Amino acid sequence: MATDSNEIEAIGGYFEMAERELQGRFPVDGIRLNTCRNALEYIILSLPDVRHIYLPLYTCEAVVQPFSRLQNIGYTFYRINEQLEMAEDISLKEGEYLIANNYFGIKDAYIAELAKRYGRHLIVDNAQALFTPALPGIKAAYSVRKFVGAADGGFAVGVNGANACQYAIDDSSEHDSHLLIRKQQGAEAGFKDYQQNECKLDNQPIRRMSSQTEDILTHIDYESVIARRRANFDYLHNALASSNQLQLPSTDSFVCPMVFPYMVEDGPELRNRLITNKVFVARYWPNVLEWASPDDIEHRLTTNLLPLPIDQRYGENDMKRIIRIIEQ
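Figured I'd write up the structure that's included with this text. Every chain begins its residue count from 1, and numbering advances along the sequence as written. Local features are withheld for residues below a pLDDT of 70 in this predicted model, meaning they are given only at 70 or higher, and side-chain atom pairs are given and counted only at 80 or more; totals for whole chains, interfaces and linings count all residues. For side-chain calculations, the full set of non-hydrogen atoms in the structure is used, while hydrogens and water are omitted.

Here we look at the packing of helix α8 (residues 267-276) against helix α10 (residues 297-304)
Turning to step 1, where the next piece is worked out: Put simply, α8 and α10 touch, their axes get as near as 7 Å, and they point 25° apart. Comparing the axis directions of α8 and α10 gives the class roughly parallel. Contacts between α8 and α10 pair G267, P268 and R271 from the former with T302, T303 and N304 from the latter.
Turning to step 2, where the next piece is worked out: Only Asp, Glu, Lys and Arg are considered charged, only Ala, Val, Leu, Ile, Met, Phe, Trp, Tyr, Cys and Pro nonpolar, and every remaining residue, Gly among them, polar. Of the residues that constitute the contact of α8 with α10, the class distribution is one nonpolar, four polar and one charged. Axis angles are defined between N-to-C directions and span 0 to 180 degrees, where every axis is a line fitted to C-alpha atoms and, for a helix, only to the segment in contact. Put simply, DSSP marks the helices as runs of H or I at least four residues long and the strands as runs of E at least two long, and each gets a number from the N terminus on. By the definition adopted for this analysis, an angle is roughly parallel if under 35 degrees, roughly antiparallel if over 145, roughly perpendicular if from 65 to 115, and oblique otherwise. Contacts: residue pairs with any heavy atoms within 4.5 Å of one another.

This is the structure:
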């Protein structure tokens, strides 16, 4: 039964403006750019011999956007399995590279295995794994706004930053209104602005990270963020592992999860029930339904996987509330 929406606080969804805490460091040591998708493009542009890239079918459509501009570079989708790992054996030739997703920030150990196999031909999409350390000699792209209250921001790691100075500095004020509205008025009030601002990030040119985002990122207690996310993940895992269709890796194999990935047969129904009770659950990624057939694991992941919120804004009581709704 749904609870009166006026009596409860929202769990999940987009962030509000981040609180400032004096820490003075960035979460990633890399080239600071305006978005993760542009960090990927920056990495691709740095490859002198690139002619073809393999990327997972289960991925955000934003990953494909750079290829509309890099028309001399082809790409091929590959399939994954129920462990969120490659379902096929791909042998790379000269000029060929492979993008691998660190899904939900829980595939650190698997990415390390791929790094041993593919070496410099591997590009890691760490959009969902902000705190996963860069691997020696491996190129990786990171996203900021999925983990903290910033409107944009990405990092490119493993490439030379000499060319970055040619790009203009971004202006976050053009797409940050949702952060302020949520902080002052709540999640529902700023949701329309959030959707509009997300669209503004599509097909943006490569720019350097805005000064506003840099300021936010140097004033966050990241150790506290990691600890809270891991604690919330563990709490949900202990309660929901037996009903989760995904077999998750051991928590000592990854640094910090973005969400708790929970997969059930009645995903859409449960998603609606959670949202009705003001637990806002994202959907990754609707574009995959156009690329995959209903029998494909990618199609089932898109339809039935619920990324339950575990971020640093919430604690044990919030996790208990999520569990109660699921167990109704």
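Considering empty space enclosed by the protein
Turning to step 1, where the next piece is worked out: A 1.4 Å probe that fits into a set of points on a 1 Å grid over the protein atoms alone but cannot get out defines a cavity; an open set with protein on both sides within 12 Å along at least five of seven lines defines a pocket, and lining residues are those with an atom within 4 Å of a point. Grid points are joined across faces, edges and corners, and a volume is the space filled by probe spheres set on the points. What the rule picks out here adds up to one cavity of 30 Å³ or more.
Turning to step 2, where the next piece is worked out: Roughly 50 Å³ of volume is contained in the largest cavity.
Turning to step 3, where the next piece is worked out: Along its surface, the largest cavity is lined by Y78, I80, L84, E85, M86, A100, N101, Y103, Y110 and L114.
Turning to step 4, where the next piece is worked out: Counting only elements with at least two residues in the lining of the largest cavity, the list comes to β5 (96-101) and α3 (108-118).
Turning to step 5, where the next piece is worked out: Residues of the lining of the largest cavity, tallied by class, amount to eight nonpolar, one polar and one charged.

Considerations on the pairing of strand β9 (residues 259-263)
Turning to step 1, where the next piece is worked out: Accessible area is worked out with a 1.4 Å probe on protein chains only. A residue is then buried under 20% of its type maximum, exposed over 50%, and partly exposed in between. Across the five residues that make up β9, a large majority, five, are buried.
Turning to step 2, where the next piece is worked out: Residue alternation in β9 divides its side chains into two sets, V259, P261 and M263 and F260 and Y262, and both sets are buried.
Turning to step 3, where the next piece is worked out: For two strands to count as paired, DSSP must find a minimum of two bridges between them. Relative to strand β11 (residues 305-309), β9 runs antiparallel, the two being bridged by five bridges. For Y262, the partnering residue across the bridge sits in β11 and is L306.

Here's the deal with the environment of S91
Turning to step 1, where the next piece is worked out: Assignment of secondary structure puts S91 in the loop between β4 (74-78) and β5.
Turning to step 2, where the next piece is worked out: Take S91: its relative accessible area is 56%, and that puts it in the exposed class.
Turning to step 3, where the next piece is worked out: C-alpha of S91 to C-alpha of Y118: the two residues are 27 residues apart in sequence and 8.8 Å apart in space.

Observations regarding the pattern of salt bridges
Turning to step 1, where the next piece is worked out: Each salt bridge in this description consists of a side-chain nitrogen of Lys or Arg and a carboxyl oxygen of Asp or Glu lying within 4 Å of one another. Tallying each qualifying case throughout the model produces 13 salt bridges.
Turning to step 2, where the next piece is worked out: Between E41 and R69 there is a salt bridge whose closest N-O contact spans 2.5 Å. Of this pair, E41 sits in helix α1 (residues 36-45) while R69 is found in helix α2 (residues 65-69), placing the two residues 28 residues apart along the sequence.
Turning to step 3, where the next piece is worked out: In this structure R69 comes out as partly exposed when scored by relative accessible area, which is 36%.
Turning to step 4, where the next piece is worked out: Between D311 and R313 there is a salt bridge, with its nearest N and O atoms 2.8 Å apart.
Turning to step 5, where the next piece is worked out: When its relative accessible area of 5% is taken as the criterion, D311 is described as buried.
Turning to step 6, where the next piece is worked out: Residue R313 is classed as partly exposed on the basis of its relative accessible area, which comes to 21%.
Turning to step 7, where the next piece is worked out: Connected through salt bridges with shared partners, the residues D49, E94 and R120 form a single ionic network.

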